[in-house]
Amino acid sequence: MPEPDAPALSGLRAVHLLKDLPEPVLAEVAAACRFRLYRARQGVISRDDLDRDCYFIVSGRVRVVALSPSGREVSFRDSGAGETIGEMAAIDGAPRSATVVALQDTLLARLSPDDLRRLLQRHWVITERMLGHLASIARRLTDRVYELSTLNVQQRLCAELLRLALADAAVHDRSADNRIVLRPAPSHSELAGRISSYREQVTRELAELGRAGLVGREDGALVIEDLSRLAERIEAVRTST
């Protein structure tokens, strides 16, 4: 099996599950991986696929979604360099539960279920990180169920805007403590997929939030004018239920 090149190995070192592994162990993992570049908008995994491999994101970004029979997209999460996808099917052997699409050119390292199992058995630190990763996914899904059950569309939109604003502060322009500029602005269709709604409804709710002075537009960016006031819209229903 050919050895992966230096950029690929460097990318594996940055994968959260594999961080700080001894070089011989990392080299063993790299030798077991198959590396592939996926172009933007190319499908990576399809729901109900029979393959069970686990994927490490070396570079790029992907979106985990579900597609309804009518073609409506429900977005679960975006994952970037250093993250892991496809781990559930690799662990439990069940069919894929979601579809994964590359958002940009993305280099993935693909590891078979048997190789992943051996890695988890031999290295407790990796197992511990995997448990934390799965617990985080479960918590996010629990939050989504709660929001769908208790929040209206505008409140779900506010919750998602807060998540986008706080998820990666390093890439957001902060001009004041409570003001964040999201650049580029997420599309209305993307936001609708994230909150299980429709593009037209998101457009209406953003317009209302704009009239209330909570969000605005600025050179192709979405501006959250006041994070605290945006959070208050969500807390209002939480304290009344």
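Residues numbered from 1 in each chain as written. Predicted model: local features only at pLDDT ≥ 70, side-chain atom pairs only at ≥ 80, totals over all residues. Heavy atoms only, no water.

You'll find the chain entered in an unreviewed UniProt entry as CRP-like cAMP-binding protein, with Sphaerotilus mobilis given as the organism.

Draft legend 1. Geometry of the overall build of the chain. Within the chain, the secondary structure is distributed over nine helices and twelve strands. In the chain, which comprises 241 residues, the proportion classed as buried is 44%. Within the chain, counting contacts between residues at least 6 apart in sequence, those at least 24 apart form 70% of the total. (Helix = DSSP H or I, 4+ residues; strand = E, 2+ residues; numbered from the N terminus. Buried < 20%, exposed > 50% of the residue type's maximum accessible area, 1.4 Å probe, protein only. Contact = heavy atoms within 4.5 Å.)

Draft legend 2. Spotlight on the pattern of salt bridges. This model, assessed by the stated rule, comprises 20 salt bridges. A salt bridge links Arg-34 to Asp-53; its shortest N-O distance comes to 2.5 Å. Placement of Arg-34 in strand S1 (residues 34–38) and of Asp-53 in the loop between strand S2 (43–45) and strand S3 (54–59) is noted, with a sequence separation of 19 residues between them. For Asp-53, a relative accessible area of 7% corresponds to the buried category. Residue Arg-194 is joined to Glu-190 by a salt bridge in which the shortest nitrogen-to-oxygen separation is 3.5 Å. One end of the pair is Arg-194 and the other is Glu-190, both in helix H7 (residues 188–195) and four residues apart, which spans about a single turn. The exposure class assigned to Arg-194 is buried, which follows from its relative accessible area of 12%. By sharing partners, the salt bridges in this structure join Arg-63, Asp-78, Glu-147, Glu-160, Arg-163, Glu-190 and Arg-194 into a single network. (Salt bridge = Lys/Arg side-chain N within 4 Å of Asp/Glu carboxyl O.)

Draft legend 3. Molecular detail of the pairing of strand S12 (residues 221–224). Alternating positions in S12 separate into two faces, Ala-221 and Val-223 on one and Leu-222 and Ile-224 on the other, with burial throughout. The pairing of strand S10 (residues 179–182) with S12 spans three bridges and is antiparallel. In the strand pairing of S12, Leu-182 is matched with Leu-222. Alignment of strand S11 (residues 215–218) against S12, held across four bridges, turns out to be antiparallel. By the bridge assignment, Glu-218 is partnered in S12 with Ala-221. A loop of two residues connects S11 with S12, the two strands running antiparallel in sequence, and Asp-219 in this loop sits at a positive phi of about 50°. (Pairing = 2+ DSSP bridges.)

Draft legend 4. Molecular detail of empty space enclosed by the protein. Tallied over the entire structure, the rule returns one cavity of 30 Å³ or more. Computed from the structure, the largest cavity encloses a volume of approximately 70 Å³. Forming the walls of the largest cavity are Arg-144, Glu-147, Leu-148, Arg-156, Glu-160, Arg-163, Arg-194, Ile-195 and Ser-196. For the lining of the largest cavity, the elements supplying multiple residues, two or more each, are helix H5 (124–150), helix H6 (153–167) and H7. Broken down by class, the residue content of the lining of the largest cavity amounts to two nonpolar, one polar and six charged. (1 Å grid on protein atoms, 1.4 Å probe; cavity = no way out; pocket = protein on both sides within 12 Å on 5 of 7 lines; lining within 4 Å. Points joined across faces, edges and corners; volume = space filled by probe spheres on them. Nonpolar A, V, L, I, M, F, W, Y, C, P; charged D, E, K, R; others polar.)

Draft legend 5. Focus on the nonpolar core. Ranked by size, the top nonpolar core spans 24 residues in total, and within it Leu-157 and Leu-161 carry the most contacts. Where this core is concerned, the elements lending two or more residues are H6, S10, H7, helix H8 (199–211), S12 and helix H9 (227–238). With eight residues, H6 is the largest single contributor of residues to this core. Excluding residues that lie within four positions of it along the chain, Leu-161 makes contacts with Leu-191, Leu-206, Leu-209, Val-215, Leu-222, Ile-224 and Leu-230. Of all hydrophobic cores here, the second largest spans 21 residues; its members include Leu-21, Ala-30, Phe-56 and Ala-109. (Core = buried A, V, L, I, M, F, W, Y, C linked by side-chain atoms within 4.5 Å.)

Draft legend 6. Spotlight on the layout of surface pockets. Here the second largest pocket is characterised by a volume of approximately 380 Å³. In terms of lining, the second largest pocket is formed by 19 residues, of which the most central are Val-64, Arg-77, Met-88, Ser-97 and Ala-98. Elements represented by at least two residues in the lining of the second largest pocket include exactly strand S5 (73–80), helix H3 (87–92) and H5. Within the lining of the second largest pocket, the residues separate by chemical class into eleven nonpolar, two polar and six charged.

Draft legend 7. A look at H7. All of the buried residues in H7 are Leu-191, Ala-192, Gly-193, Arg-194 and Ile-195. Immediately beyond the C-terminal end of H7, within one or two residues, lies Ser-196, with a positive phi of roughly 55°.

Draft legend 8. A look at the packing of helix H4 (residues 113–122) against H5. Where H4 contacts H5, the axes come no closer than 5 Å and their chain directions differ by 110°. As the angle between them shows, H4 and H5 are arranged roughly perpendicular. Mapping the contact onto sequence places Leu-116, Leu-119, Leu-120 and Arg-122 in H4 and Trp-124, Ile-126, Thr-127 and Met-130 in H5. Split by residue class, the contact of H4 with H5 holds six nonpolar, one polar and one charged. (Axes fitted to C-alpha atoms, helices over the stretch in contact; angles between N-to-C directions. Parallel < 35°, antiparallel > 145°, perpendicular 65-115°, else oblique.)

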